[in-house]
Amino acid sequence: MDWSVISIIMYTNKIFTLLQIADSIFPIGAYTQSNGLETYVQNGIVKDSKSAKKYLWNMLSYGIMYTDALALKLSYECTQKKDVEGLKNLDNMLYALKAPKEIKSGSAKMCGRFLKLVEKFEKKDMLLKYHELIRNNECFGQHSIVFGMFCSEYGIDKDESISAYLYNIASWIVNNCVKLIPLGQVEGQIILYESSELLKDMLEKINCLSSDDLGRCTIGFDIRAMQHENLYSRLYMS
């Protein structure tokens, strides 16, 4: 078979694998997390498509970019270098930087489920080491870190990995807005479509960031996520 055809097949297989782990139906429990959005909705702050879009863009630009999205990039790079100590430091730093308890625990649970599932695909050295570190209480486990490690281990392009993760987070937030506010499905899709340029800009910025940029302060988001624990009624776990 022609090598160009083989390359196309291999690339296509990697894209399908990336789409699988970034899919909302990938069974790791992402649908149970709102990351504080439920508090914003119950307080009447996020109440329509305009405020939902503002919430999404602010969460992505000031929260996700400097925590989970950047951690994904750094974990991808550590995995390529087989830097176990770097991964341990990244894991502990990211966990410490997430102030709300529900956000920490939610991401850790998703990470654990992710690892157990993908180990049934293939046994990959760095993923097995990360799982062992978590079992030995040397790491806490974070979903964005294991996502980046998986993509690195499976030879998926770094930019494509970050892009898929960003879209997954945006889609997840919009889906929660549709359910909680509620919004129409069409309104939700318009918000997602209008966010494409933001996601592209975020990818470019993330590639210029380092571990020194981890954990930009997002007091408002953290407070709402903490308040979620004490809401009178809740649909989500965070």
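Structure report, in brief. These numbers were taken from a predicted model, which means no experiment stands behind them.

What counts, and where the lines are drawn
- Residues numbered from 1 in each chain as written.
- Predicted model: local features only at pLDDT ≥ 70, side-chain atom pairs only at ≥ 80, totals over all residues.
- Heavy atoms only, no water.
- Salt bridge = Lys/Arg side-chain N within 4 Å of Asp/Glu carboxyl O.
- Helix = DSSP H or I, 4+ residues; strand = E, 2+ residues; numbered from the N terminus.
- Buried < 20%, exposed > 50% of the residue type's maximum accessible area, 1.4 Å probe, protein only.

Notes on the pattern of salt bridges
Inspection of every chain in the model, using the stated rule, returns 14 salt bridges. Glu77 is the salt-bridge partner of Lys73, the closest N and O atoms lying 3.3 Å from each other. Of the two residues, Lys73 and Glu77 both sit in helix H4 (residues 68-80), four residues apart, roughly one turn of that helix. With a shortest N-O distance of 3.9 Å, Lys88 and Glu85 are connected by a salt bridge. On the criterion of helical spacing, the pair formed by Lys88 and Glu85 is a turn pair, its members being three residues apart in helix H5 (residues 84-97). We classify Lys88 as buried; its relative accessible area is 18%. According to the relative accessible area criterion, Glu85 is partly exposed, its value standing at 45%. One connected set of salt bridges, linked through shared partners, spans Glu197, Lys200, Asp201 and Glu204.

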